[in-house]
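Inside the fold
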Amino acid sequence: MVAASAIRIVPPGRPLRGKLELPGSKSITNRALLLAALSKGRSHLTGALKSDDTRYMARALQQMGVQVEEPTETSFVVTGTGALGVPEAPLFLGNAGTAVRFLTAAVAARVPGKVVLDGDEHMHKRPIGPLLSALSALGVKASAPTGCPPVTVEGTGHLAGGEVRIDAGLSSQYVSAVLMAAGCADAPVKIALQGSGLDARGYVDLTVATMQAFGGEVQAEGAMRWRVQPKPYAATDFYIEPDASAATYPWTAGVLTGGGIDVGLDPMAFSQPDAKAWQMMTLFPHMPAEIDGSQMQDAVPTLAVLAAFNQTPVRFVGIRNLRVKECDRISAVSIELNRICQGLAREEGDDLIVNGDPTLAGQSRPTRIETYSDHRIAMAFALTGLLIDGITILNPACVGKTWPGYWDALRGLGVELVVE
């Protein structure tokens, strides 16, 4: 189905109810893959996500001599030696931001030689300069002439300890990358944020928890500082919880149609920050006038689609980082909502305002939605087709980045999809 150039969603005309199985968390899977590779021994990762992003990570690790097996559709078995070898060719990582950023720091600490990390045309627009500046303070020689990948790391197999300040204004992944690599350093590493705060703090907390599961010694020292005591990571059996960002789509499908979808885990039981979006969804069609999306960034496109049917306008703030995701998601969401109905959304600086219009439900508005090769734009805008007739999603295969089975999941809930 996803090989098609477009998919049109047919409004079901009834409440959607049922149960579906979510994919594993992309964020946790790629952290666990890397930490297992940096460990000595054999790690079993269960509940894992198999998607474009995690396969890029797995292949890159294999290029550096790590044994990665896939015994089932939801598991990896990783056998590491605690070291990474020099790859024979550049590591191609598509548009997997976690893989590029995490591996940039890891190869600096564990590869005794030159490594080039590259990606597709979209990755070439995603900033990595702040991470390289932080690594430089730890003695790493790395360069990215454009400030975005490709990145060349002149690895020595060692990472100096010391203190480092990180500008995480564009991505919390810079902090996570240094934290995980710091576990392999020659001396303790103290990490402090440069700036006023950290968006998506919950993802750094995920990193800390995953490091600890693999035997790492890391402690938060207040809201903006961490201390890592170098200690060899230890192989372990590790369960990966379902993806909270993915859960926002069936949750929204249930809310929009007046039904309810069971994703197998209570919204309050997730450790991932995007699960906070559930609290906003429960308020529909009276969502608050302002929503701070800083701590649930990947859920913002989904919430914006829901807000399109809200009784009153919703302003999304704290979302500047969405401009440097797989695409400029602030602009993309605004453009595509206005493609459905002119005036439905607008940008004000880095804020997104969605002017709710409940009367859109039940209308026929033939619209071909551009997805910008962004899985979250595709999955979020497919939900508009549950209430509006004529919504067609272009390049539906882009959902393979994090949820290859997304269209089958919708069909399993009884949604008719017309393949073009």
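Each remark here, short or long, concerns the structure printed above.
Here's a quick rundown of the structure. (Residues numbered from 1 in each chain as written. Predicted model: local features only at pLDDT ≥ 70, side-chain atom pairs only at ≥ 80, totals over all residues. Heavy atoms only, no water.)

1. Some points on the overall build of the protein chain
Heads up, the condition is: A helix here means a DSSP run of H or I that spans at least four residues, while a strand means a run of E at least two residues long, and both kinds are numbered starting from the N terminus. The globule rule used here is 2.2 Å times the number of residues to the 0.38 power, and the radius of gyration it is set against is calculated over C-alpha atoms. What makes two residues a contact is simply this: any of their non-hydrogen atoms within 4.5 Å. When charges are counted, neither His nor the chain ends are considered; positive counts come from Lys and Arg and negative counts from Asp and Glu. Charged groups are reduced to one reference atom each: NZ for lysine, CZ for arginine, CG for aspartic acid, CD for glutamic acid.
Scanning the protein chain for helices and strands turns up 12 helices and 22 strands. Over its C-alpha trace the protein chain gives a radius of gyration of 21 Å, about what one expects of a compact globule, namely 22 Å for 420 residues. Projected onto its principal axes, the C-alpha coordinates of the protein chain cover approximately 60 × 45 × 35 Å. Within the protein chain, residue pairs in contact and separated by at least 24 positions form 75% of the contacts whose partners lie at least 6 positions apart. Put simply, the protein chain has 36 plus and 41 minus side-chain charges, and the middle of one group is 3 Å from the middle of the other.

2. Some thoughts on the side chain of Ser27
Rules: For every residue, the accessible area obtained with a 1.4 Å probe (protein chains only) is divided by the maximum for its type, and the residue is called buried under 20%, exposed over 50%, and partly exposed between those limits.
In this fold, Ser27 is placed in helix 1 (residues 26-37). Assessed through its relative accessible area of 9%, Ser27 is described here as buried. Ser27 has contacts with Tyr203 and Leu206, leaving out every residue within four places of it along the chain.

3. As for the sheet that holds strand 21 (residues 389-394)
Heads up, the rule is: Any two strands with at least two DSSP-identified bridges between them are counted as paired. For helices, the fitted axis covers only the stretch in contact; all axes are lines through C-alpha atoms, and the angles between them, taken along N-to-C directions, range from 0 to 180 degrees.
Spatially, 4 strands are ordered 20-21-1-22 in an open sheet, and the strand pairing comes out mixed. Both edges of this open sheet fall to strand 20 (364-369) and strand 22 (416-419), since each of them pairs with a single strand only. For this sheet, the mean angle separating the axes of adjacent strands, direction not counted, is 20°. Relative to strand 21, strand 20 runs parallel, the two being bridged by 4 bridges. In the sheet register, Arg368 faces strand 21, and the bridge partner there is Thr392. Contacts from helix 10 (residues 329-340) reach strand 20 and strand 21 within the one sheet, and its direction differs from that of strand 20 by about 145°. Across the face of the sheet, helix 11 (residues 375-382) comes into contact with strand 1 (6-10), strand 20 and strand 21 while running at roughly 165° to strand 21.

4. Focus on the nonpolar core
The test is simple: To define a nonpolar core, start from buried Ala, Val, Leu, Ile, Met, Phe, Trp, Tyr and Cys residues and group those joined through side-chain atoms within 4.5 Å.
If you look at the biggest cluster of nonpolar residues, it comprises 77 residues, and the most contacted ones within it are Leu61 and Leu179. Among the elements that make up this core, the one with the highest residue count is helix 3 (residues 97-110) (9 residues). The residues contacting Leu61, other than those within four sequence positions of it, are Leu33, Leu34, Ala37, Val66, Val68 and Leu103. Among the nonpolar cores identified, the runner-up in size contains 71 residues, and Leu22, Tyr249, Leu322 and Cys327 belong to it.

5. Some thoughts on the pairing of strand 13 (residues 225-229)
Only one face of strand 13 is buried: it carries Trp226 and Val228, and the other face, with Arg225, Arg227 and Gln229, is open. In this structure, strand 11 (residues 189-193) lies alongside strand 13, joined through 4 bridges in antiparallel fashion. From the neighbouring strand, Val189 faces strand 13, where its bridge partner is Val228. In this structure, the hairpin formed by strand 12 (residues 217-220) and strand 13 is closed by a connection of 4 residues, where Gly222 is found at a positive phi of approximately 90°.

6. Focus on the environment of Leu344
In this fold, Leu344 is placed in the loop between helix 10 and strand 18 (345-348). Using a relative accessible area of 3% as the deciding quantity, one classes Leu344 as buried. As for Leu344 and His375, which are separated by 31 residues in sequence, their C-alpha atoms are 22 Å apart. With near-sequence residues (within four places) excluded, Leu344 lies in contact with Ala308, Leu337, Asn338, Ile353, Val354, Asn355, Asp357 and Leu360.

7. Some remarks on helix 2 (residues 52-63)
The test is simple: Expected helix span is computed as 1.5 Å times (number of residues minus one). An arc is given here, and it is the one of the directions from the helix axis to the C-beta atoms.
Look at helix 2: 16 Å from first C-alpha to last across 12 residues, which is about the 16 Å you get at 1.5 Å a residue. All of the buried residues along helix 2 are Asp53, Thr54, Met57, Ala58, Ala60 and Leu61. Burial along helix 2 is one-sided: seen end-on, the buried residues are contained in an arc of 160°. The secondary structure elements touched by the buried residues of helix 2 are helix 1, strand 4 (67-72), strand 5 (75-81), strand 6 (91-92) and helix 3. Following helix 2 by one or two positions, Gly65 adopts a phi angle in the positive range, close to 90°.

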